[in-house]
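Reading the structure
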Amino acid sequence: MADSKQNMAGISVKNPVTGQEIGVVPKSTRDDVQAAVERAQDAQLAWGAASVEERCRVIRKWGDLIWENQERVMRVIRDETGKNDTGAFIEIIGLDNYIAYYTKHASEFLRPERRQPIFPIIQRGKVYHKPLGVVGVISPWNYPMMLAFLDAVPALLAGNTVVIKPSEITPFSALVTADLAYQAGVPEHVIQIVTGDGETGAALVDYVDMICFTGSTATGRKVAVQAAERLIPFSLELGGKDAMIVLADADLDIAASAAITGSCENAGQMCISIERIYVEEKIYDRFVEKVKTLIHQMTMGAGDGLDIHMGSMTNERELLRVEEHIKDAVEKGAEVIYGGKRRPDLGPLFFEPTILINVDHSMKIMKEETFGPVIPIMKVYNVDEAVRLANDTEYGLSGSVFTRNLALGERIATRLNTGDVSVNRTQAVPASAAMSWGGQKYSGFGGRRGDKEGILRFTATQSILVDTQIGYKPGLTILDPTTLMFLKLMRLARRYVPFL
Ligand code: NDP
């Protein structure tokens, strides 16, 4: 929790739709952060000593409390981001999915594993997965609840305590969810939130045993340098420029609706947003027409209910970049065939879903992360050109391929240089907790979310060998005659016995 002793210089948090202040949070100083990490170190002793099953029980209860209080949590998320009900519910279901998965599998994933020692039978080998200590989490504003805790859940189950620095733009989503953790019985200081800005985040990197960063590539690089100075493990989940490829045999109704939902969820402010679409020549015109027809049916506004398809953007900086990318594209020959304007009648940061055609790779909209509700569609001659263009980026987060030929879709997917690809869906891998995901190139480094590797990255691996001393004779050389004989025998055995 934000500690009462924290520096009283506060950060005002505003509702992006109404402009009204939601509240003020402390701007935690370096000393505040250090103190929080020290409390977390103390708390880790008991938390790390508890059984995995006990930790799972408490975290599962926390998940149930979040689910039961979803309307309250969604209200807080919506108030500070301006997103619609769908976007807020995706955060609830996304975290719930991770909690369900990891509380079910953590014991199995963390169990010590048998390994073959140099002399089998007379020796036993095991690999243990031990907690790292205090894990720091630095999270962004676009999914402020889910991304504050998606890494925290496996980190906690692995026996670490966590100190989380949410974005200064959206701290309350993390605070309200951490409150529920304490109500669920998570012991004091096992989860702490330090509110503040970039300086607070930088301070956190200086004290924790591991840092998990989600945010922009530019800030991620700074965090990586700082973590490398301290030689602590770090993971970076960064920006993206995800491509969607539509083949001539695709179901165009499905592909067109996926183009819209994949690009416009959370007003396009999603790391795995579809940011560019490559469509085979033969069906290009029909596809564009379908997207255009469908997008007319989209509803936008600040109202409640899942029938509002798109909410507000969250801050002016993002909106300005969206406008700049569209302007740059139009100046270089692109055409806006739908949208392209602000909607001040709905709120200061609403921006229409926008379709751009006649785009190419000389334009920022096809190369840099736009992070807004823009759908740039480019005609390609064939699959090879689509794959080449999809890979023509510094990013490598996610992507999608649409085709009725499922085997071909899977083959094309393997040619994309991204951490995951969905065929005939968008963003489906990150929604699947049992499938790991994480970016390549400028999109990420140092560990993936989900699956077994998504929890083991919060552990230190320790290998332990136990020798029964059978046949062991004390001596002054490690190559005594018995050992030498065993080594020679083992060399032969390893060549001919399959399980050795
Ligand atoms: P930023 O990089 O601006 O900020 C991310 C977090 O880092 C915030 O909490 C921020 O604090 C903090 N921070 C800022 N400066 C420093 C610093 N020097 N040291 C440590 N922490 C610092 O990203 P945004 O919040 O703007 O998030 C949007 C970006 O996140 C997009 O690029 C998006 O693609 C990416 N993202 C990636 C995801 C993934 O899983 N790959 C998921 C979601 C988003 P403060 O905000 O208070 O300044």
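Residues numbered from 1 in each chain as written. Predicted model: local features only at pLDDT ≥ 70, side-chain atom pairs only at ≥ 80, totals over all residues. Heavy atoms only, no water.

What follows covers the overall build of the chain. A tally of regular secondary structure across the chain gives 17 helices and 20 strands. Rg of the C-alpha trace for the chain: 25 Å, near the compact-globule value of 23 Å for 500 residues, within the 12% margin. Its C-alpha atoms put the chain at 85 × 60 × 40 Å along the principal axes. Residues classed as buried in the chain amount to 56% of the 500 residues present. Here the analysis covers contacts within the chain between residues at least 6 apart in sequence; of these, 73% occur between residues at least 24 apart. (Helix = DSSP H or I, 4+ residues; strand = E, 2+ residues; numbered from the N terminus. Rg over C-alpha atoms; globule rule 2.2 N^0.38 Å. Buried < 20%, exposed > 50% of the residue type's maximum accessible area, 1.4 Å probe, protein only. Contact = heavy atoms within 4.5 Å.)

Surrounding the ligand, one finds 31 residues, the nearest of these being Ser139, Lys165, Ser216, Leu238 and Glu369. Here an oxygen atom of the ligand sits 2.6 Å away from a polar atom, N or O, in the side chain of Ser216. Protein contacts shield 91% of the accessible area of the ligand, which totals 910 Å² for the unbound molecule. Broken down by element, the shell around the ligand gets its largest block of residues, three residues, from helix α8 (residues 198-205). A class-by-class count of the residues in the shell around the ligand yields 13 nonpolar, 11 polar and seven charged. (Near = heavy atom within 4 Å. Polar contact = N/O pair within 3.5 Å; in protein donor to acceptor, adjacent residues only side chain to side chain. Areas by Shrake-Rupley, 256 points an atom, 1.4 Å probe, with all protein chains shown as cover. Nonpolar A, V, L, I, M, F, W, Y, C, P; charged D, E, K, R; others polar.)

Attention now goes to the packing of aromatic side chains. Across all of its chains, the model carries eight aromatic pairs by this definition. Between the aromatic rings of Trp62 and Phe149, the centroid separation amounts to 5.3 Å while the plane-to-plane angle is 85°, which identifies the pairing as edge-to-face. You can see Trp62 sitting in helix α2 (residues 52-68) and its partner Phe149 sitting in helix α5 (residues 146-149), a full 87 residues away along the chain. Overall, the relative accessible area of 0% leaves Trp62 in the buried class. Residue classification places Phe149 among the buried residues on the basis of a relative accessible area of 0%. For the ring pair Tyr98 and Tyr102, a centre distance of 5.8 Å and an interplane angle of 65° mean the geometry is edge-to-face. Residue Tyr98 and its partner Tyr102 are located together in helix α4 (residues 85-110), separated by four residues, close to a single helical turn. Judged by its relative accessible area of 2%, Tyr98 is buried. Through successive ring pairs, a cluster of aromatic residues spans Tyr98, Tyr101, Tyr102 and Phe109. (Phe/Tyr/Trp six-rings, centres within 6.5 Å; stacked < 30°, edge-to-face > 60°.)

The next subject is the domain arrangement of the chain. Here the chain is partitioned into domain 1 (11-238 + 449-460) and domain 2 (242-432). Counting residues at the interface gives 21 residues for domain 1, matched by 30 residues for domain 2. In this assembly, domain 1 packs against domain 2 so that about 1900 Å² is buried in total across both faces, 48% of it on carbon and sulfur atoms. Per-residue buried area on domain 1 facing domain 2 is highest for Val17, Asn84 and Trp141; these three make up 28% of the total on that side. As a salt-bridge pair, Asp304 and Arg75 come within 3.5 Å of each other at their nearest N and O atoms. Inspection of the domain 1/domain 2 interface yields 12 residue pairs in polar contact (both at pLDDT 80 or more). Looking at the side of domain 1 that touches domain 2, the elements with two or more residues in it are α3 (70-81) and α4. Top element by residues in the side of domain 1 that touches domain 2 is α4. It accounts for six residues. (Domains from an automatic or database assignment. Buried area = accessible area lost by both parts, 1.4 Å probe. Salt bridge = Lys/Arg side-chain N within 4 Å of Asp/Glu carboxyl O.)

Under the counting rule described, the total for this entry stands at 30 salt bridges. Between Glu324 and Lys364 there is a salt bridge; the shortest N-O distance is 2.4 Å. Separated by 40 residues along the polypeptide, Glu324 in helix α12 (residues 316-331) and Lys364 in helix α13 (residues 364-367) bring together distant segments of the chain. Taking the shortest distance from any N to any O, the salt bridge between Glu331 and Lys327 comes out at 3.2 Å. In this pair, Glu331 and Lys327 are both assigned in helix α12, four residues apart and thus about one turn of the helix distant.

In this section: the nonpolar core. Core analysis: the biggest nonpolar cluster contains 66 residues, and Ile59, Trp62, Phe149, Ile164 and Ile191 have the highest contact counts within it. Leave out the neighbours within four places in its chain, and Ile59 touches Trp47, Ile99, Thr103, Val153, Leu156, Leu157 and Val186. Judged by nonpolar contacts, the second largest core, of 61 residues, contains Val17, Leu252, Met298 and Val421. (Core = buried A, V, L, I, M, F, W, Y, C linked by side-chain atoms within 4.5 Å.)

Our focus in this paragraph is the packing of α3 against helix α7 (residues 171-183). At a minimum axis distance of 8 Å, the contact between α3 and α7 shows a crossing angle of 165°. Put simply, α3 runs roughly antiparallel to α7. Read as a crossing pair, α3 and α7 show a hand that is right-handed. Facing Arg72, Val73, Val76, Ile77 and Glu80 of α3, the residues of α7 in contact are Pro171, Phe172, Ser173, Val176, Thr177 and Leu180. In terms of residue class, the contact of α3 with α7 is built from seven nonpolar, two polar and two charged. (Axes fitted to C-alpha atoms, helices over the stretch in contact; angles between N-to-C directions. Parallel < 35°, antiparallel > 145°, perpendicular 65-115°, else oblique. Left-handed = near helix turned anticlockwise from the far one by under 90°.)

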